[in-house]
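Descriptive analysis of the structure
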Amino acid sequence: MADPADLAGLEAPGIAERAETARILGRTGGPAAIEPLLERAVGDRSAGVRLAAAGAVADILSRHRLPPRREAVPDAVRDALVRRVRSIDPGLNPGLFQVVATSGAPGAIRALVPGLRDPRADVRTGALVGLERLVLSAASNGDAEVSHALGTLLGEGRLRPEIAVAIARIAARAGHPAVESALEALAAASGASGRRAVDEVRAIIDRRLGFAPLWGVWTTRGLDVGEVSEATSPRRWLLLGPGATVEGPEDHLTAAPSAEPGPRVLGIGRADLPTRRLVVPYDGVAEVEVLQAGTASWRRATDREASRPIEWILADRLLDPADRIPFAAAVGETLSTQPCGLYARAMLDLWADRPLEAMAGFEAAAEAGRLPPAMDLFRARALAALGRVDEAREAARAFLASAPRRSPWLAEARSLAG
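Residues numbered from 1 in each chain as written. Predicted model: local features only at pLDDT ≥ 70, side-chain atom pairs only at ≥ 80, totals over all residues. Heavy atoms only, no water.

**Some remarks on the nonpolar core**
Just so we agree on the cut-off: Remark: nonpolar core denotes a set of buried residues (Ala, Val, Leu, Ile, Met, Phe, Trp, Tyr, Cys) joined through side-chain atoms within 4.5 Å. Note on classification: 1.4 Å probe, protein chains only; a residue is buried when its accessible area is under 20% of the maximum for its type, exposed when over 50%, partly exposed between these limits. Any two residues whose heavy atoms approach within 4.5 Å at even a single point are treated as in contact.
Core analysis: the biggest nonpolar cluster contains 77 residues, and Leu37, Leu116, Leu131, Val135 and Ile167 have the highest contact counts within it. Excluding residues within four positions of it along the chain, Leu37 makes contact with Leu10, Ala22, Leu25, Ala53, Ala56, Val57 and Ile60.

Below is the structure:
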């Protein structure tokens, strides 16, 4: 059971206190809080509290719809939740669609479809929120029923134009193949505002079509798309390039050869592990590219983030020298021409034993903006490889003047400093 002290606020006389208790339980509560929250979601006299409680149940379920936490909520409980919610008039609490969406129960999407056709605007909005939480979760990755239902909705003529466009936006984020063919009809059926919304959907599709290859640097804290959680796993990194996959937690990366044109660690190309790429808000970044492989979600790292694991592969000399050049080139192509991107690309060149290209990159990065002190050490290594010994000593000494006491580069810097 949930701690009675945690649940006491649900019985408070004040509406604000009951709603805030629900929100807190949504962020921190476990499965034992689901039933008391659901009682408030259907029985509280305040519509605001009902909505907060339904959202809280959905947030708890969002943390328990994928392994290994899924086992904490038995399948029978999930099925019962969906049956119970379907027996309630959604006008009482449109937030209950989120409960269905995050339940993880087979066939849950069928319970959302009537809400999308409902004549009441608040019910339709609630169903849309639920649909987005269901479709974008990794729990729906590879789910044929969800894909079929989404395709059917995109071709349906009975939906209000604004609802149809909103569904198309969700489908575009998920990369559903039927969304492009539906846009012309949606644009014709919509007014001026609807056509602008259709153009926004087209922009999402264009961005997806412009996706870089899978190569590059990805990162995750173990969260599902749409998961609400204050407890996250340590950040992990995934560097993908031809012939190899580098993966691991903070400063403990390991390399694995990959004969397939994709990451072996993710099982790309395996029939039993579906893979898709999304455009969604995730891990604190708005509108970011997310790679879902099975139940794992990874987002593409920013240039600044990518610099960290690239520094670590420089330290550990991962991969054989012959494998580094194609790997570095493929990963480098995914980086920008902003200072951090230039810096990370230069480190990759250094790692691939291309000191001349690395020096050019470091100089361009230094001209473009302020960069980490470690760049002086990498410059020193590149200069030494080019035979410019005096300049290498000077760069190494500059690094030592500002290096942290626990830097992994101290021994090498002292050696280069002479």
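**Brief notes about the pattern of salt bridges**
Keep this limit in mind: Just to be clear on terms, a salt bridge is a Lys or Arg side-chain nitrogen sitting within 4 Å of an Asp or Glu carboxyl oxygen. Numbering of helices and strands starts at the N terminus; helices are DSSP runs of H or I of at least 4 residues and strands are runs of E of at least 2.
Counted according to the given criterion, the structure contains 37 salt bridges. In this structure, Asp390 engages Arg393 in a salt bridge whose closest nitrogen and oxygen atoms are separated by 3.6 Å. Placement of the pair is Asp390 and Arg393 together in helix H18 (residues 389-402), with a separation of 3 residues, close to one helical turn. A residue is classified by how much of its surface remains accessible, and Asp390, at 58% relative accessible area, is exposed.

**Observations concerning the packing of helix H3 (residues 34-43) against helix H4 (residues 47-62)**
Our working rule: Axis angles are defined between N-to-C directions and span 0 to 180 degrees, where every axis is a line fitted to C-alpha atoms and, for a helix, only to the segment in contact. Should an angle lie under 35 degrees it is considered roughly parallel, over 145 roughly antiparallel, and from 65 to 115 roughly perpendicular; all remaining angles are considered oblique. In this scheme the crossing of two helices becomes right-handed for a clockwise turn of the near helix relative to the far one and left-handed for an anticlockwise turn of less than a right angle. Residues are grouped as follows: Ala, Val, Leu, Ile, Met, Phe, Trp, Tyr, Cys and Pro are nonpolar; Asp, Glu, Lys and Arg are charged; every other residue, Gly included, is polar.
Interaxial distance between H3 and H4 falls to 7 Å at its minimum, and their mutual angle equals 150°. It follows that H3 is roughly antiparallel to H4 by the angle criterion. Judged by the twist between their axes, the crossing of H3 over H4 is left-handed. Of the residues in H4, those touching H3 at Ile34, Leu37, Leu38, Arg40, Ala41 and Val42 are Arg50, Ala53, Ala54, Ala56, Val57, Ile60 and Leu61. Residue classes in the contact of H3 with H4 are distributed as 11 nonpolar, no polar and 2 charged.

**With respect to the pairing of strand S2 (residues 236-241)**
Along any regular strand, the residues point their side chains to alternate faces of the sheet. We count it as follows: For two strands to be treated as a pair, DSSP must find at least two bridges joining them.
Of all 6 residues in S2, 5 are buried, a share of seventy percent or more. Once S2 ends, the chain turns through 2 residues before running back antiparallel as strand S3 (residues 244-249), passing Gly243 with a positive phi of about 90°.

**Some words on the packing of aromatic side chains**
Quick reminder of the rule: Here a pair means two rings of Phe, Tyr or Trp (six-membered ring of Trp) with centres within 6.5 Å. Their orientation is stacked below 30 degrees between planes, edge-to-face above 60, and tilted elsewhere.
What the rule picks out here adds up to 6 aromatic pairs. Among the aromatic side chains, those forming a connected cluster through ring pairs are Tyr343, Phe362, Phe378 and Trp409.

**Focus: unusual backbone geometry**
Glycine aside, the phi torsion of most residues is negative, and most peptide linkages are trans. A cis amide bond, omega 0°, links Pro67 with the succeeding residue Pro68. For Pro68, the location among the structural elements is in the loop between H4 and helix H5 (75-86). Phi is positive for Glu287, which is not a glycine, with a value near 50°. With respect to the helices and strands, Glu287 occurs in strand S6 (residues 285-293).

**Let's talk about the sheet that holds strand S1 (residues 216-220)**
Taken in spatial order, the 7 strands make up an open sheet running S4-S3-S2-S1-S7-S6-S5, and their pairing is antiparallel. Looking along the sheet, the strands with just one partner apiece sit at the ends: strand S4 (254-257) and strand S5 (275-282). Between one strand axis and the next, the sheet turns by 30° as a mean value, whatever way the strands run. Inspection of the sheet shows S1 paired to S2 by 5 bridges, in the antiparallel sense. Paired with Thr219 across the two strands is Trp237, which belongs to S2. Packed onto the sheet, helix H10 (residues 161-174) meets S5 and S6 and runs at close to 120° relative to S5. Most of the contacts of helix H13 (residues 303-316) go to S2, to which it runs at about 75°, and overall it touches S1, S2, S3 and strand S7 (296-300).

**Re the pairing of S7**
By the criterion of burial, S7 is predominantly enclosed, with 4 of the 5 residues buried. The pairing of S1 with S7 spans 2 bridges and is classified as antiparallel. Among the inter-strand pairings, Thr219 is bridged to a residue of S7, identified as Arg299. Across 4 bridges, S6 lies against S7 in antiparallel orientation. The residue of S7 that forms the bridge with Val290 is Arg299. Taking the residues between adjacent antiparallel strands as the criterion, S6 and S7 are bridged by 2 residues, where Gly294 takes a positive phi near 65°.

**Remarks on the environment of Ala286**
Looking at where Ala286 falls in the secondary structure, it is placed in strand S6. Expressed as a C-alpha distance, the spacing of Ala286 and Ala185, which sit 101 residues apart in the sequence, is 29 Å. With residues up to four places along the chain from it excluded, the contact list for Ala286 reads Val280 and Pro281.

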